[in-house]
Amino acid sequence: MKTALITGITGQDGSYLSEFLLNKGYDVHGIIRRSSTDYRERIAHLEGKPHFHLHYGDLSDSMGLIQVVSKVRPDEIYNLAAQSHVQVSFDSPEFTANVDATGVLRVLEAVRACGLADKCRIYQASTSELYGKVEEVPQNENTPFHPYSPYAVAKLYGYWIVKEYREAYNMYCCSGILFNHESERRGETFVTRKITLAAARIAQGKQDCLYLGNMSSLRDWGYAKDYVECMWLILQQDKAEDFVIATGEQHSVREFCGKAFKYTGITLRFDGEGENEVAICTAIDKSVNPKLCDELVGKTLVRVSPDFYRPTDVVNLWGDPTKAKAKLGWNPTKTSFEQLIRIMVEHDMKKVAADHAAEQVRTNLAEYLEKGIVK
Ligand code: NAP
Ligand code: F7E
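Within each chain, residue numbers correspond to sequence positions counted from 1 in written order. Chains and ligands are labelled by the order in which they are written, letters from A for the one and numbers from 1 for the other. The predicted origin of the model limits local features to residues at a pLDDT of at least 70 and limits the giving and counting of side-chain atom pairs to 80 or more, whereas totals for whole chains, interfaces and linings rest on all residues. Side-chain numbers come from the whole structure's heavy atoms, not from hydrogens or water.

### Quick word on the pairing of strand 14 (residues 278–284)
In plain terms, the rule: For every residue, the accessible area (1.4 Å probe, protein chains only) is compared with the maximum for its type, and the residue is labelled buried under 20%, exposed over 50%, or partly exposed between those bounds. By definition, any uninterrupted DSSP run of H or I lasting at least four residues is a helix, any uninterrupted run of E lasting at least two residues is a strand, and each is numbered from the N terminus. Being paired, for any two strands, means DSSP has found at least two bridges between them.
Counting buried positions along strand 14 gives five out of seven residues, so the element sits mostly inside the fold. Pairing between strand 13 (residues 266–271) and strand 14: six bridges, direction antiparallel. In the sheet register, Ile266 faces strand 14, and the bridge partner there is Ile284. Joining the antiparallel neighbours strand 13 and strand 14 is a turn of six residues, in which Gly272 adopts a positive phi near 85 degrees.

This is the structure:
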């Protein structure tokens, strides 16, 4: 039985990768941070399984990392932990650098300190944000980097230190340069999930309007569940190498938004430009959602707020997965763009309905308590 150690196990990718490795028969260990709320929703269903173990640690704490690595003695480490929000990295640049740059070095050094440099393979969660202010479209493993945010600059250090340790110490460590990948487990402030949740809330009368930043931004969006397989495949090759993981398709935020609303039964028309752009509901389809309210037609449901603009924004990401297809035998379009949006919208429609039902129970209970019906 192989042993894997995952940093960032509570995140979107960490949760899918845990499921994937448990299915492959791995003993899976994860590093979690102590938090006052113990929010571990994405991995709650795995806790208590015999081959699933959690350890406290933090990427800013090298002693803690050395302790976990020496105890687990992993065959493979997947370093997914990061402050992963690009806009937040402008507000917390030093924290981002500490975790996303120096944190990678701490993981590599922990492996060396534990005498595992010859045995343990390391996957580093690198990113298409390295291409930043892009110098070529589409982007592949040879495209020059031009990081364009504190997050990207920190991740660039992670990329280079991994390459350095591979060459200097002959370690099996490599980077997956992953383009955006989304899912129903995506954090709620990333643009795709923000849109699918808002579309579901608006369709169920729980929200009036969605505010977005740059709707013309272009991304290559894939499904996170498909992408974690690549992380594993990258560590199973004879030779350690870096790979671009992407679908090879590009879409705008506006297009994602239009399709997400369509799957709730709402048709949008986008009018105007820049800060004045809006999306108006032109039709509703009750065969998709019989509960849609007729009054939605004619309403402005999406507006632009400059609060979501970034000091520097990456606007043209488009990956070329040729190498991953050829060498890893990976199918980049297993889940299409449309399927991805449908999965996320269907999930969020159910989530909003369930949240509403739970809220109703609480309201009823409060009313019954007040009237003395329930004691
Ligand atoms: P995510 O959902 O934001 O998860 C990040 C994980 O890192 C969480 O488990 C978080 O723990 C943990 N973490 C943050 N700071 C930490 C610290 N100081 N010490 C230990 N753990 C820490 O991110 P994701 O979407 O799964 O992405 C996984 C990795 O891939 C990240 O490194 C991200 O930068 C990179 N990446 C993501 C994408 C994408 O499109 N999703 C694309 C390219 C690269 P808490 O739960 O305690 O916050
Ligand atoms: O933004 C624009 C925004 O925050 C995508 C991380 O996983 O992928 C992710 O980073 C685009 C940007 O993801 C809003 O300006 C418009 O151009 O969903 P995002 P990201 O910045 O691409 C990369 C590969 C990573 O490595 C990161 O860890 O959408 N946008 N309006 C908006 N973005 C957000 N968040 N919110 C808006 O309202």
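Picking up after the structure, the text goes on.
### Some remarks on the pattern of salt bridges
Which entries qualify depends on this criterion: Within this document, salt bridges are pairs made up of a side-chain nitrogen of Lys or Arg and a carboxyl oxygen of Asp or Glu, the two lying within 4 Å of each other.
As enumerated under the stated definition, the model contains 19 salt bridges in all. Among the salt bridges present, the one from Lys206 reaches Glu359, with a minimum N-O distance of 3.7 Å. Of this pair, Lys206 sits in the loop between helix 6 (191–203) and strand 8 (210–212) while Glu359 is found in helix 10 (residues 337–371), placing the two residues 153 residues apart along the sequence. Among the salt bridges present, the one from Lys259 reaches Glu338, with a minimum N-O distance of 3.4 Å. Residue Lys259 is located in helix 8 (residues 253–263), and its partner Glu338 is located in helix 10; the two are separated by 79 residues in the primary sequence. A residue is classified by how much of its surface remains accessible, and Glu338, at 32% relative accessible area, is partly exposed.

### Observations concerning the site of ligand 2
Heads up, the condition is: Nearness is defined per residue: one heavy atom within 4 Å of the molecule or strand is enough. In protein, a polar contact requires one atom able to donate a hydrogen and another able to accept it; more generally it is a pair of N or O atoms within 3.5 Å, and residues adjacent in sequence count only if both atoms are side-chain atoms. Each accessible area is a Shrake-Rupley estimate made with a 1.4 Å probe; only the visible protein chains count as cover when residues are assessed.
Every one of the 23 residues lining ligand 2 counts as a neighbour, but Ser84, Thr127, Tyr151, Ser217 and Arg310 are closest to it. Contacts to ligand 2 include Arg186, whose side-chain N or O atom sits 3.0 Å from an oxygen atom. Taking Arg310, its side chain carries an N or O atom lying 2.6 Å from an oxygen atom of ligand 2. When isolated, ligand 2 has an accessible area of 700 Å², and the protein chains bury 96% of it.

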